[in-house]
Amino acid sequence: MAQIAEQPKTAPPPPRIGKQSDPCVMVIFGAAGDLTGRMLIPALYNLARAGLLSREFAVLGVARAQFSDEDFRKKVFDDIKTYCGDCVDDELWEWFSQRFYYLQGNFDDDNLYSRLKDALTKIDQTHSTHQNFFYYLAVAPNFFGPIVQRLAAAGLMDQSNNHWRRVVIEKPFGHDLESAKALNQELLKVADEKQVYRIDHYLGKETVQNIMAFRFANGIFEPVWNRRYIDHVQISVAETVGVEGRGSYFDHAGTLRDMVPNHIMQLISLTAMEPPISFDANAVRDEQAKILHAIQPMSDEEVLSRTVRGQYGEGTEDGKRVPAYRGEEDVPPDTRTETFVAARA
Ligand SMILES: NC(=O)c1ccc[n+]([C@@H]2O[C@H](COP(=O)([O-])OP(=O)(O)OC[C@H]3O[C@@H](n4cnc5c(N)ncnc54)[C@H](OP(=O)(O)O)[C@@H]3O)[C@@H](O)[C@H]2O)c1
């Protein structure tokens, strides 16, 4: 990590709407990867643009790639240009970029975590982040447990001095019930349940957020949103692109595991749940859970009659020829992994 610079004089705009984040450092494990570049960096930039990031905020990226802080900032700039869809505001960029740092290392190396601790101490002093740290695991799932255990061993999950420490995990959270339970146990050995955020980025999508407002803040629809007036609901999630460079990940997962237990179950439960007693996270979660319990498990025969799996063939996208799934990079030509799934619940 290069020498930490002075805090820049410029500041982000005041928040337009919503609550500003707490002062904190976001540590991104897997900072050189696809999820970071395509999703996390643009999301952070948009939060900064909306004035929703605390002024006392910084990001520390961790991965194997040999980057200096400056190289990492350049990559962040390129990601914003590529994925945010418009030009980067010079003044905001000056404020934003100076809170990005990079630490090179291997997740399996214990020494990384003592260097991480030193780096966090310095960043915390420079940006007054109140020692609040959250660790975003943008890494392959086999690293989830080991990284959190090493963070805890280095004292980096400790919340004893009025600061918070959190860990954020995206899908896939295990590949079946048993592995999900095993991962849960591994995490909860060293972290409190309230420190673990199993997130689903679909919940941040505007259309998904709007389902709640549309259902419960709308005097026209609320009274007729029930089985007397609605015969059935179809939820379609249509991708605009193929697996592109993600073949090696996708072929092990498939659409069923990649989309259904997380995003689609969220959509089903938000669509079908009763009004929660408040919009507090636990109250909403409890109502969603009731729907999941109410879905009947399928028998083997029902799986055959109520589900369909398929793969996409070759076609055109924006006037360009694109390959069939079996012709994608890193996908075996005889793979039976599904890229399409439909099910009736
Ligand atoms: N991509 C998405 O849109 C998406 C969406 C939802 C969930 N996810 C999940 O998010 C996770 C990350 O996905 P991704 O697509 O970003 O993967 P990726 O592009 O392969 O990135 C993995 C990152 O981890 C780093 N890394 C791997 N092994 C390491 C090690 N031993 N030590 C240090 N760094 C290491 C890589 O660093 P180097 O490049 O420096 O080697 C890279 O920065 C996966 O669990 C995936 O399932 C991804």
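Residues numbered from 1 in each chain as written. Predicted model: local features only at pLDDT ≥ 70, side-chain atom pairs only at ≥ 80, totals over all residues. Heavy atoms only, no water.

Caption draft 1: Summary view of helix H4 (residues 110-127). Compared with the 26 Å implied by 1.5 Å per residue over 18 residues, the 26 Å span of H4 between its first and last C-alpha is a close match. N-cap assignment for H4: the residue whose side-chain oxygen lies 3.0 Å from the backbone N of Asn111 is Asp109. Of the residues one or two after H4, Ser128 is the one with positive phi, at around 50°. (Helix = DSSP H or I, 4+ residues; strand = E, 2+ residues; numbered from the N terminus. Expected span 1.5 Å × (residues − 1). Polar contact = N/O pair within 3.5 Å; in protein donor to acceptor, adjacent residues only side chain to side chain.)

Caption draft 2: Highlighting the packing of helix H2 (residues 69-83) against helix H3 (residues 90-97). Remark: H2 packs on H3, axes separated minimally by 11 Å, with the N-to-C direction vectors making an angle of 140°. By the angle class used here, H2 and H3 are oblique. Between H2 and H3 lies a crossing of right-handed hand. Residues Arg73, Val76, Phe77 and Ile80 of H2 form the contact with H3, whose participating residues are Trp93, Phe96 and Ser97. Grouping the amino acids of the contact of H2 with H3 by side-chain chemistry returns 5 nonpolar, 1 polar and 1 charged. (Axes fitted to C-alpha atoms, helices over the stretch in contact; angles between N-to-C directions. Parallel < 35°, antiparallel > 145°, perpendicular 65-115°, else oblique. Left-handed = near helix turned anticlockwise from the far one by under 90°. Contact = heavy atoms within 4.5 Å. Nonpolar A, V, L, I, M, F, W, Y, C, P; charged D, E, K, R; others polar.)

Caption draft 3: Fine view of the side chain of Ser179. Among the secondary structure elements, Ser179 is positioned in helix H6 (residues 177-188). Owing to a relative accessible area of 19%, Ser179 belongs among the buried residues under this scheme. From its side chain, Ser179 meets the backbone nitrogen of His175 in a polar contact 2.8 Å long. (Buried < 20%, exposed > 50% of the residue type's maximum accessible area, 1.4 Å probe, protein only.)

Caption draft 4: Region of interest: the packing of aromatic side chains. Under the definition given, this model contains 15 aromatic pairs. When the ring of Tyr45 is compared with that of Phe96, the centres are 5.5 Å apart and the planes differ by 75°; the resulting orientation is edge-to-face. Of this pair, Tyr45 sits in helix H1 (residues 34-49) while Phe96 sits in helix H3; the two residues are 51 residues apart in sequence, bridging distant segments of the chain. Both residues of the pair, Tyr45 and Phe96, belong to the buried class. Taken together, a centroid distance of 5.8 Å and an interplanar angle of 65° make the contact between Tyr312 and Tyr325 edge-to-face. (Phe/Tyr/Trp six-rings, centres within 6.5 Å; stacked < 30°, edge-to-face > 60°.)

Caption draft 5: A look at the site of the ligand. With respect to spatial proximity, 22 residues lie near the ligand, and among them Asp34, Leu35, Arg38, Ala65 and Val139 are the closest. Interatomic distance of 3.0 Å between a backbone N/O atom of Gly33 and an oxygen atom of the ligand. Here the ligand loses 81% of its free accessible area of 890 Å² to cover by the protein chains. When residues of the shell around the ligand are assigned to their parent elements, the largest contribution, 3 residues, is made by H1. Its residues assigned to classes, the shell around the ligand shows 13 nonpolar, 4 polar and 5 charged. (Near = heavy atom within 4 Å. Areas by Shrake-Rupley, 256 points an atom, 1.4 Å probe, with all protein chains shown as cover.)

Caption draft 6: Spotlight on a nonpolar patch on the surface. A surface patch of nonpolar side chains, about 480 Å² in accessible area, is lined by Phe214, Ile220, Phe221, Val224 and Tyr229. In this fold, Phe221 is placed in the loop between helix H7 (206-216) and helix H8 (247-272). In this structure Phe221 comes out as partly exposed when scored by relative accessible area, which is 31%. (Patch = residues over 30% accessible without salt bridge, like charges linked within 9 Å, V, L, I, M, F, W, Y side chains within 5 Å. Salt bridge = Lys/Arg side-chain N within 4 Å of Asp/Glu carboxyl O.)

Caption draft 7: Main features of the pattern of salt bridges. Using the criterion set out here, one finds 13 salt bridges in the structure. With its nearest N and O atoms 3.9 Å apart, the salt bridge here joins Lys19 to Asp22.

Caption draft 8: Local environment of the state of the cysteines. Tallying each qualifying case throughout the model produces 0 disulfides. Free of any disulfide, Cys24 has its nearest neighbouring cysteine sulfur in Cys84, separated by 19 Å. (Disulfide = S-S within 2.5 Å.)

Caption draft 9: Here's a closer look at unusual backbone geometry. Going from Lys171 to Pro172, the amide bond is cis rather than trans, its omega being -5°. Within the secondary structure, Pro172 sits in the loop between strand S5 (165-169) and H6.

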